[in-house]
Amino acid sequence: PVHDSNGEYRYSIGILSWKEKQNADEKASLEKLRAIMPKKMPADSQPKEFVGDAVTVDSDAKGKQFKASMIKFTKLLWTIDTEASLEKLMDTKQAKDAFHKFLKKTYEHTQLDFWLESRNFDGDNDAASKLCEKYLGMSASEAATMGSAAVEAKAAEFYQVLANDSFPKFIKSKYIDPVVETMLGDDSRMDGSKGLVWEKYKVPADMEGFVFSFVAVAETFPACIVISDMSIPGNPMFFINQEFSKITGYSKKDAQGRNCRFLQGPLTEPASVAVIQDTLRRGVDCYVRITNYRKNGETFQNLLSMRPVHDSNGVYRFCIGVQFEVDASTDLKKRLKKLGLLLQLLPSEIEVSHSNSKVGPKHKKELKAHEGKDETLMIASAMEKTSTASDASDMQGSDRYADHHDTMLEEIGAMVEADTEVDKKAWKLPDKTVKILKELQKAGEGKGGKVPSEGGGTWLGALKTAVEEIPHAVAITDMNVPGVNVAWCNKGFERVTGYPKDETEGRNCRFLQGGGTEPDVVTKMVRALRYAKELVIDVTNYRKEGPKFTNDLSLVPVHDSNGEYRYSIGLLSHKEKQTPDETKALKELRELLPRKMPASAQPKEFEHDTVQVDSDAKAKQFKASMVKFTKLLW
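Residues numbered from 1 in each chain as written. Predicted model: local features only at pLDDT ≥ 70, side-chain atom pairs only at ≥ 80, totals over all residues. Heavy atoms only, no water.

Turning our eyes to something else, we now look at the overall build of the chain. When helices and strands are counted, the chain shows 22 helices and 15 strands. Across the 634 residues in the chain, those meeting the buried criterion constitute 45%. In the chain, 60% of the contacts between residues at least 6 apart in sequence involve partners at least 24 apart. If you sum the accessible surface of the chain, you get close to 34300 Å²; carbon and sulfur atoms cover 52% of it. (Helix = DSSP H or I, 4+ residues; strand = E, 2+ residues; numbered from the N terminus. Buried < 20%, exposed > 50% of the residue type's maximum accessible area, 1.4 Å probe, protein only. Contact = heavy atoms within 4.5 Å. Areas by Shrake-Rupley, 256 points an atom, 1.4 Å probe, with all protein chains shown as cover.)

Next comes the structure, spelled out in structure tokens:
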């Protein structure tokens, strides 16, 4: 690897040699060559192939591009729900006049007029008859037989034809452009879209108008939409929309800045991956069905469509991905039709106001294999079968990407832990914590101490107060409650495991276990809990996000003054992340935890002998039950 003086990774130099043919001189020469190969370079000694900020664009040009793009994407929205869009647009005079003018070319304007006027007669039979005479060419006697219900049915029929056939064509025509421009107004909304893209991504100046208009529309779009920058190594997604997060389970913070391959796993089809790789390299449209993985590990069938976006200089700038979950829903055909309309309106070329081609990769334009074919046909073809690919020679089966999903979860876990790093000073136990724990120890050992007043004066309340705010993970189990469930945990528990209080309390801690958890260690934990033995042990557990970690676990049993086993206190710590300060504080906390408590200092959750029942009530219950069980025997 070669880095420049700014620390940027610029080149990788590969040296190849035929090992079986190597002689002593070649080996020596090879070692010498490796040793003298440069690892660093002056940043200014070699111009970059692509310079993201090579182009400066003024605000007027950005605004113009934004508005032009918004026109396209507004049309895109209208195509998704043509019926609702038509209804809304026909309430504006400009849109109504434009649609009427468009329909006159094919003499369909009478259908529009009929439908519009039918909305106003409100069940009036005379008005219905006149409408039939005016637009359907009926005689007065024929029209008289048409009641309001029949006219409403005819109007609904015309409306379906207009919404699903004529209106989509109108959206693609030049007649709609002035309507959209009037509705959109100026470009003042551009700044509001900046917070939707990856925070570390700098949108190229010559593409700001396009990008910010696209994400503004795509954010709440009812389909999974992502955009990747093809000029950046690894082609990271710098935008995902809300639907992507909903379907896959990954938030913007999880997914933005990464290549979409983290959705792949062991059951992902190698041929489908090969098709994706091939079309991305060549910059052509892609339609493929592929098995992907959600964040929680579930698989789903994904109909993936990808549209490469070039600028007007032929530079390969972006790739727009549209993901469509294939399920057994009854409206699948209707959804696929909408998907086809969506893909037809996705841009393939963006006009830029310069001729600089140093902003990204440029490749020879190839004729698409499906050139001239309708998107709907391509979608149907992709739905019918799993892809085959002639360019799959570099695929070594699904093993090549089987760990993509797990790796992603580990990286997310590392991000979460980095976000919640504890300051060095925070590991020192607060004086208040030490004071309360020492008082609880004295009270339990009968050395004249009293249960502290903090926490309402109960033993458990005082213990919770002592450990609630410390960064260490603490979980308390009431051993008198069946199920060995967590009765209470502190804030530190979420820091270590990722599980908040409301997802932890009331559950047995086995939910932290997974495929890598050691059975023999679990057996030791169960025995320690069952026989009230103190235990310090390492166990493989799993965070909520999926990645595993070594849990430095301590189990401390607590007996009351009557010798009854009342509680088990668990301390959890992420061993791989432990600092010397945390290790020291953890040891101190173990020693300070109370092992005994006054029996009267904490009421039991369940008291079996708190109810007194007289002999008559017992006999009545006995007789009623015997009646039921005798019937059962018969």
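There is more to say, and it comes next.
Where helix α4 (residues 93-104) meets helix α8 (residues 148-172), the axes come as close as 10 Å, and the angle between the chain directions of the two elements is 95°. Classified by the interaxial angle, the pair formed by α4 and α8 is roughly perpendicular. Within the contact between the two elements, α4 uses A95, A98, F99, F102 and L103 and α8 uses L162, S166, F167, K169 and F170. In terms of residue class, the contact of α4 with α8 is made up of eight nonpolar, one polar and one charged. (Axes fitted to C-alpha atoms, helices over the stretch in contact; angles between N-to-C directions. Parallel < 35°, antiparallel > 145°, perpendicular 65-115°, else oblique. Nonpolar A, V, L, I, M, F, W, Y, C, P; charged D, E, K, R; others polar.)

Turning to the pairing of strand β13 (residues 548-560), a few remarks are in order. Buried residues dominate β13, accounting for ten of its 13 residues. Where β13 and strand β14 (residues 565-572) come together, six bridges link them in antiparallel fashion. Bridging from a neighbouring strand, H559 pairs with Y565 of β14. Where β13 folds back on β14, the antiparallel hairpin that results is connected by four residues, among which G563 adopts a positive phi of roughly 85°. Sheet topology places β13 next to strand β15 (residues 596-597); two bridges connect them, and they run parallel. (Pairing = 2+ DSSP bridges.)

In this section: the environment of M525. Take M525: it is sitting in helix α20 (residues 519-530). In this structure, the C-alpha to C-alpha distance between M525 and V536, residues eleven residues apart in sequence, is 9.3 Å. Excluding residues that lie within four positions of it along the chain, M525 makes contacts with L535, I537, V539, L553 and L555.

Moving on: a negative patch on the surface. Together, D122, D124, D126 and E152 make up a region of like negative charge exposed at the surface. When you line up the elements, D124 lands in the loop between α5 (109-118) and α6 (125-136). What makes D124 partly exposed here is its relative accessible area of 36%. (Patch = residues over 30% accessible without salt bridge, like charges linked within 9 Å, V, L, I, M, F, W, Y side chains within 5 Å. Salt bridge = Lys/Arg side-chain N within 4 Å of Asp/Glu carboxyl O. Lys, Arg positive; Asp, Glu negative; His and termini not counted. Charge placed at Lys NZ, Arg CZ, Asp CG, Glu CD.)

Let us now look at the pattern of salt bridges. Counting across every chain of the model gives 26 salt bridges. A salt bridge links E469 to K491; its shortest N-O distance comes to 3.1 Å. Taken together, the residues E469 in the loop between α18 (459-467) and β10 (473-478) and K491 in helix α19 (residues 491-497) connect sequence positions 22 residues apart. Three or more residues are tied together by salt bridges with common partners; here these are D206, D311 and R317.

A few words now on unusual backbone geometry. With a phi close to 50°, V484 is a non-glycine residue in the positive phi region. Along the chain, V484 turns up in the loop between β10 and β11 (486-489). Of note, the phi angle at A532 is positive, near 55°, even though the residue is not glycine. The residue A532 is located in the loop between α20 and β12 (535-542) in this model.

Moving on, we get to the sheet that holds strand β2 (residues 9-11). Judged by pairing direction, the sheet is mixed, and its three strands sit side by side in the order β2-β1-β3 without closing on themselves. Two strands close off the open sheet at either side, each with one partner strand: β2 and β3 (40-41). Sheet analysis places strand β1 (residues 2-4) next to β2, joined by two bridges and oriented antiparallel. Residue pairing across strands places V2 opposite Y11, the latter belonging to β2.

The next subject is the packing of aromatic side chains. The geometry of an aromatic ring pair is captured by the separation of the ring centres together with the interplanar angle, meaning the angle of the planes. Per the stated rule, a full pass over the model turns up 15 aromatic pairs. Relative to Y159, the ring of W115 has its centre 4.9 Å away and its plane inclined at 25°; by these criteria the two rings are stacked. On the criterion of sequence distance, the pair formed by W115 in helix α5 and Y159 in helix α8 is long-range, its members being 44 residues apart. Ring geometry for Y201 against F238: centres 4.2 Å apart, planes inclined by 15°, an arrangement best described as stacked. Residue Y201 is found in the loop between α9 (177-184) and α10 (208-218), and its partner F238 is found in strand β5 (residues 237-240); the two are separated by 37 residues along the sequence. Just as Y201 is buried, F238 falls in that class too. Grouping aromatic residues by their ring pairs yields a cluster made of F99, F102, F167, F170 and Y175. In this arrangement the basic side chain of K21 is found over the ring face of W18, its NZ or CZ atom lying 5.2 Å from the centre. It is R507 that lies over the ring of F511; its NZ or CZ is 4.0 Å from the centre. (Phe/Tyr/Trp six-rings, centres within 6.5 Å; stacked < 30°, edge-to-face > 60°. Lys NZ or Arg CZ within 6 Å of the ring centre and 35° of its normal.)

This part covers the nonpolar core. One finds F210, V211, F214, I227, F238, F318 and I320 to be the most contacted residues of the largest nonpolar core, which totals 37 residues. For this core, the secondary-structure elements that each account for two or more residues are α2 (59-80), α10, β4 (224-229), β5, β7 (299-311), β8 (316-326) and α14 (332-345). With seven residues, the top contributor of residues to this core is α10. If sequence neighbours within four positions are ignored, V211 has contacts with V197, V203, F238 and F318. Core analysis: the second largest hydrophobic core is formed by 33 residues, I71, W78, F99 and A128 among them. (Core = buried A, V, L, I, M, F, W, Y, C linked by side-chain atoms within 4.5 Å.)

Before going further, it helps to spend a moment on a nonpolar patch on the surface. A contiguous nonpolar surface patch, about 440 Å² in accessible area, is contributed by Y11, I13, I15, L33 and I36. Mapped onto the fold, Y11 is located in strand β2.

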